[in-house]
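Structural characterization, general
Here is what each chain is made of, one letter per residue.
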Amino acid sequence: MAANNPTGVDKEQAFGMAETEMEYRVELFNRLAQTCFNKCVDKRYKESELNMGENSCIDRCVSKYWQVNSMIGQLLSAGGRPPM
Amino acid sequence: MASSNPETESNNGSSIAKEPEKPQIEAFRMPTMEEMRAQEVWNNCAVRSVASGVMGGGLGLMMGMFLGALDNPIMQEEMTGRQQFMYTMRQMGQRSWSSAKAFAVMGLIFSAAECVVEKARAKHDTTNTVVAGCVTGGTMSAKGDENCKKEYNVSFMGQDERIPSYVCRRPKSSLCWLCWLRSILSTDREVLGQTYLIGIESCSSFEEDQFFRKT
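Residues numbered from 1 in each chain as written. Chains lettered and ligands numbered in written order. Predicted model: local features only at pLDDT ≥ 70, side-chain atom pairs only at ≥ 80, totals over all residues. Heavy atoms only, no water.

1. Re the overall build of chain B
Condition: A run of H or I in DSSP becomes a helix once it reaches four residues, and a run of E becomes a strand once it reaches two; helices and strands are each numbered from the N terminus. Throughout this description, buried means an accessible area under 20% of the type-specific maximum (1.4 Å probe, protein chains only), exposed means over 50%, and partly exposed covers the range between. Reported accessibility uses the Shrake-Rupley method at a 1.4 Å probe radius. Residues are deemed covered only where the shown protein chains occlude them.
When you go through chain B residue by residue, the secondary structure sums to eight helices and zero strands. Classification of the 215 residues of chain B by burial places 25% in the buried group. Of the accessible surface of chain B, which amounts to about 15200 Å², a share of 60% is contributed by carbon and sulfur atoms.

See the structure below:
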């Protein structure tokens, strides 16, 4: 890129990257909440508070989701393409 | 909701009558850290089992006191009023303490078992309660096994042959079945059928000092 205004380009680049990162994070959060909710919480709501079983299910679900996410992220970022 | 109210008022006069029936939905608040910590306290298995044990103890205390107060002394005519009162007080105290202990232990074990099972399964089901009840019943009646074992040794001590089946000598129904089960699980395969039948026969018709022996 032609360095007409180095600081401006960097700022825009940083902005764009931050925006992409923000979108990625929001998408991750939404999908995580959706997946773990569908997996762990029975749809016949019998009470408004989370039980102990649901609590531990959600803990485990979030932990696993996060692990899988970071693992795949590492795999994809290390090589150019996923190892097949 | 606030913006839709004037529209409904202006649109249709008959809808004004429906307005008071609309439920007031309050805004959603995220739980604060204090609320979350307060909920976390009850997720702890130890806290729950101790609280349940305390409640069981209280219940046992009340029940024991009530049942002890109904207990009449044996020699009622010979005692004075004060003596009867002291006797009843002592009975109430003893019974309330013993039943408080029993219920407290039962509540503790049940709650701890249910909590652990539910956390392990990560599901909210009736299976948790069933397993917890089995565990509680098993631990409460595990002491009965010693009685059976003692009787077994006393009854068959000094015998040359190996008696495969045995029956609890002072049976209460649950102890008898427990002993039967124990004998089932510990005998040889070829005498299993006889043990089974003898055990069933004796446990279902137990009386005091009844004693069967397989020849």
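2. Here we look at the confidence of the model for chain B
Residues and elements named next belong to chain B. Selection criterion: Summary of the metric used: pLDDT quantifies the predictor's per-residue confidence within the range 0 to 100. By the convention used here, residues are in contact when the closest approach between their heavy atoms is within 4.5 Å.
Residues with a pLDDT of 70 or more make up 53% of chain B, whose mean pLDDT is 69. At the level of individual helices and strands, chain B shows its lowest average pLDDT in helix α6 (residues 144-156), which scores 43, and its highest in helix α3 (residues 45-69), which scores 91. Low confidence marks residues 1-15, where pLDDT is under 50. Its contacts with residues over four positions away, or in another chain, come to nine contacts. Of the regions scoring below 50 in pLDDT, residues 206-215 engages in 24 contacts with residues more than four places distant in sequence or in other chains.

3. Section: the interface of chain A and chain B
Applicable threshold: Note: buried area is the sum, over both parts, of the accessible area (probe 1.4 Å) each one loses when the two are combined. Here a salt bridge means any side-chain nitrogen of Lys or Arg lying within 4 Å of a carboxyl oxygen belonging to Asp or Glu. In the analysis that follows, any N or O atom pair within 3.5 Å is treated as a polar contact, provided that within protein one partner can donate a hydrogen and the other can accept it, and provided that, for residues neighboring in sequence, both atoms belong to side chains. Polarity classes work like this: nonpolar for Ala, Val, Leu, Ile, Met, Phe, Trp, Tyr, Cys and Pro, charged for Asp, Glu, Lys and Arg, and polar for all others, with Gly in that last group.
Between chain A and chain B, the contact holds eight residues from the first and eleven residues from the second. Taking both partners together, chain A and chain B bury about 790 Å²; carbon and sulfur atoms supply 51% of that area. At the junction of chain A with chain B, the criterion picks out zero salt bridges. On inspection of chain A and its partner chain B, the count reaches five residue pairs in polar contact (both at pLDDT 80 or more). Its residues assigned to classes, the side of chain A that touches chain B comprises two nonpolar, four polar and two charged.

4. Describing the state of the cysteines
All names here are of chain A. Threshold: In plain terms, two cysteine sulfur atoms within 2.5 Å form what is called a disulfide here.
Under the criterion given, the structure shown has three disulfides over all chains. For C40, the disulfide goes to C57, at an S-S distance of 1.9 Å. Looking down the S-S bond of the C40 and C57 bridge, the torsion is -75°, so its handedness is left-handed. Of this pair, C40 sits in helix α1 (residues 6-40) while C57 sits in helix α2 (residues 52-78), and the two are 17 residues apart along the sequence. One exposure class covers both C40 and C57, and it is buried. Ordinal numbering of bonded cysteines along chain A defines a disulfide pattern of 1-4, 2-3.

5. Let's talk about the packing of α2(A) against helix α4 (residues 81-121) of chain B
Short version of the rule: Every axis corresponds to a line fitted to the C-alpha atoms, with the helix fit spanning only the stretch in contact, and the corresponding angles, defined between N-to-C directions, vary from 0 to 180 degrees. Helix crossings are classified by the rotation of the near helix relative to the far one: an anticlockwise turn of less than a right angle makes the crossing left-handed, while a clockwise turn makes it right-handed.
Where α2(A) meets α4(B), the closest approach of the two axes is 7 Å, and the angle between their N-to-C directions is 35°. α2(A) and α4(B) meet at a crossing whose hand is right-handed. Of the residues in α4(B), those in contact with A:M52, A:G53, A:S56 and A:R60 of α2(A) are B:C115, B:E118, B:K119 and B:A120. Of the residues that constitute the contact of α2(A) with α4(B), the class distribution is three nonpolar, two polar and three charged.

6. A few points about the packing of α3(B) against α4(B)
All names here are of chain B. Inclusion rule: Each angle is binned into one of four classes, with values under 35 degrees roughly parallel, values over 145 roughly antiparallel, values of 65 to 115 roughly perpendicular, and all other values oblique.
Between α3 and α4, the shortest axis-to-axis distance is 6 Å and the interhelical angle comes to 155°. Comparing the axis directions of α3 and α4 gives the class roughly antiparallel. Remark: the crossing between α3 and α4 carries right-handed chirality. Grouping the constituent residues of the contact of α3 with α4 by class yields 16 nonpolar, 14 polar and three charged.

7. Quick notes on the nonpolar core
Defined as follows: As used here, the term nonpolar core means buried Ala, Val, Leu, Ile, Met, Phe, Trp, Tyr and Cys residues forming a set that is joined through side-chain atoms within 4.5 Å.
Among the nonpolar cores identified, the biggest contains seven residues, and these are A:L32, A:C36, A:C40, A:V41, A:C57, A:C61 and B:A122. Of all elements in the fold, only α1 and α2 of chain A reach the threshold of two or more residues within this core. The greatest single-element share of this core, amounting to three residues, is contributed by α1(A). Aside from chain neighbours lying at most four places away, what touches A:C57 is A:C40 and B:A122.

8. Remarks on the layout of surface pockets
For clarity, the threshold we go by: Cavities and pockets were defined on a 1 Å grid built over protein atoms only: a cavity is a set of grid points that admits a 1.4 Å probe from which the probe cannot escape, a pocket is an open set flanked by protein on both sides within 12 Å along at least five of seven lines, and lining residues are those with an atom within 4 Å of any such point. Grid points are joined across faces, edges and corners, and a volume is the space filled by probe spheres set on the points.
Taken as a whole, the largest pocket encloses approximately 1400 Å³ of empty space. What lines the largest pocket is a set of 34 residues, among which A:V41, A:L50, A:E54, A:N55 and A:I58 lie closest to the centre. Contributing elements (two or more residues each) for the lining of the largest pocket: α1 and α2 of chain A together with α2 (33-43) of chain B. When residues in the lining of the largest pocket are grouped by element, the largest group, seven residues, is from α1(A). Taken as a whole, the second largest pocket encloses approximately 260 Å³ of empty space. As for the second largest pocket, its lining consists of 13 residues, of which A:E47, A:L50, A:N51, A:M52 and B:R48 are closest to the centre. A total of three residues in the lining of the second largest pocket trace back to one element, the largest contributor, which is α2(B).

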